[in-house]
Amino acid sequence: RVLRNAALVPALLKRADAIDAARHALELVGLAPDRYGTRFPHELSGGQRQRVALARAIAARPGVLLLDEPFGALDAISRSDVQAVTAVLRRELGVTTVLVTHDLATVQNWCSAAAWIDGGRIRMYGDAPSVVNEYRRAVAAAEAEGQKTGHSALDQPGLALPSTGHPSAEAV
């Protein structure tokens with residue numbers, strides 16, 4: 001059930017307030033615990049399931065939040081809603097957020113710093129606009145030379161750090 005799912009991490013940490021922390025986290029992501037807490041995941045939309053995942057991630061109040069493609073599998077409306085909820089959470093909780101994405105628009109709109117990973121190595125790290133611009137320049141140059149980029153990071157940046165106002169958000 002949703003409430004139990006959101007309480008997972010605090011329960012694993014043996015926190016006595018695991019259910020209360022999960023209820024609060026569900027409220028923060030816009031899912032009323034009394035309405036959604038007893039539901040099963042298959043009874044939720046994709047956007048609601050993503051909100052439950054966010055609630056599970058923040059219920060234990062981590063110092064760093066890792067979001068791996070949190071918006072990728074959502075339809076446009078759900079993506080917009082989940083992005084808005086995530087933006088509010090980042091501001092309100094002040095948590096450093098590491099965002100893994102292949103979406104350049106997400107990098108540009110969400111990140112203060114970014115790393116472009118190619119073949120498991122950081123090819124470039126810096127402010128998000130510079131990394132995105134260099135990535136695009138490299139792709140254009142490769143295409144102009146007729147080179148195939150395959151599935152390397154020339155096709156996709158691998159890791160980006162969103163701006164949270166938290167000082168550690170600027171370092172990998």
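Structural notes, computed from the coordinates.

1. Looking at the overall build of the chain
Next up, step 1: When helices and strands are tallied, the chain shows 8 helices and 5 strands.
Next up, step 2: Counting every position in the chain, which comprises 172 residues, the buried fraction comes to 41%.
Next up, step 3: Within the chain, contacts between residues separated by at least 24 positions form 62% of all contacts whose residues are at least 6 apart in sequence.
Next up, step 4: When the accessible area of the chain is evaluated, it comes to approximately 9,300 Å², of which 52% is carbon and sulfur surface.

2. Digging into the pattern of salt bridges
Next up, step 1: Applying the stated criterion to the full structure yields 4 salt bridges.
Next up, step 2: Arginine 15 is the salt-bridge partner of aspartate 17, the closest N and O atoms lying 2.9 Å from each other.
Next up, step 3: Judged by its relative accessible area of 33%, aspartate 17 falls in the partly exposed class.
Next up, step 4: In this structure, aspartate 118 and arginine 123 form a salt bridge, with 3.1 Å as the shortest nitrogen-oxygen distance.
Next up, step 5: With relative accessibility at 22%, the residue aspartate 118 sits in the partly exposed group.
Next up, step 6: On the accessibility criterion, arginine 123 (43% relative accessible area) is partly exposed.

3. Regarding the environment of valine 88
Next up, step 1: Structurally, the position occupied by valine 88 is in helix α6 (residues 76-93).
Next up, step 2: Residue classification places valine 88 among the partly exposed positions, given a relative accessible area of 30%.
Next up, step 3: As for valine 88 and leucine 28, which are separated by 60 residues in sequence, their C-alpha atoms are 8.8 Å apart.

4. Topic: the packing of helix α3 (residues 18-28) against helix α5 (residues 46-58)
Next up, step 1: The N-to-C vectors of α3 and α5 enclose an angle of 135°; their axes lie 8 Å apart at closest approach. The angle between the axes of α3 and α5 places the two elements in the oblique class. When you trace α3 past α5, the crossing you get is right-handed. Residues Ala25, Leu26 and Leu28 of α3 lie in contact with α5, whose contacting residues are Val52, Ala55 and Ile58.
Next up, step 2: When the residues that make up the contact of α3 with α5 are grouped by side-chain class, the tally is 6 nonpolar, no polar and no charged.

5. Details of the packing of aromatic side chains
Two aromatic rings are characterised by how far apart their centres lie and by the angle between their planes.
Next up, step 1: Under the criterion given, the structure shown has 2 aromatic pairs.
Next up, step 2: Here phenylalanine 71 and tryptophan 110 contribute two aromatic rings whose centre-to-centre distance is 5.2 Å and whose plane-to-plane angle is 40°, an arrangement assigned as tilted. Pair noted here: phenylalanine 71 is in the loop between β1 (64-68) and α6 and tryptophan 110 is in helix α7 (residues 104-110), with a separation of 39 residues, a long-range link. Summarising the burial analysis for this pair, phenylalanine 71 and tryptophan 110 share the class buried.
Next up, step 3: Pairing tryptophan 116 with tyrosine 135 gives two aromatic rings, centres 5.3 Å apart and planes at 90°, and the pair type is edge-to-face. Here tyrosine 135 lies in helix α8 (residues 128-144) and tryptophan 116 lies in strand β3 (residues 111-118), a separation of 19 residues in the sequence.
Next up, step 4: Classification of tyrosine 135 as buried rests on a relative accessible area of 7%.

Thresholds applied
- Residues numbered from 1 in each chain as written.
- Predicted model: local features only at pLDDT ≥ 70, side-chain atom pairs only at ≥ 80, totals over all residues.
- Heavy atoms only, no water.
- Helix = DSSP H or I, 4+ residues; strand = E, 2+ residues; numbered from the N terminus.
- Buried < 20%, exposed > 50% of the residue type's maximum accessible area, 1.4 Å probe, protein only.
- Contact = heavy atoms within 4.5 Å.
- Areas by Shrake-Rupley, 256 points an atom, 1.4 Å probe, with all protein chains shown as cover.
- Salt bridge = Lys/Arg side-chain N within 4 Å of Asp/Glu carboxyl O.
- Axes fitted to C-alpha atoms, helices over the stretch in contact; angles between N-to-C directions.
- Parallel < 35°, antiparallel > 145°, perpendicular 65-115°, else oblique.
- Left-handed = near helix turned anticlockwise from the far one by under 90°.
- Nonpolar A, V, L, I, M, F, W, Y, C, P; charged D, E, K, R; others polar.
- Phe/Tyr/Trp six-rings, centres within 6.5 Å; stacked < 30°, edge-to-face > 60°.

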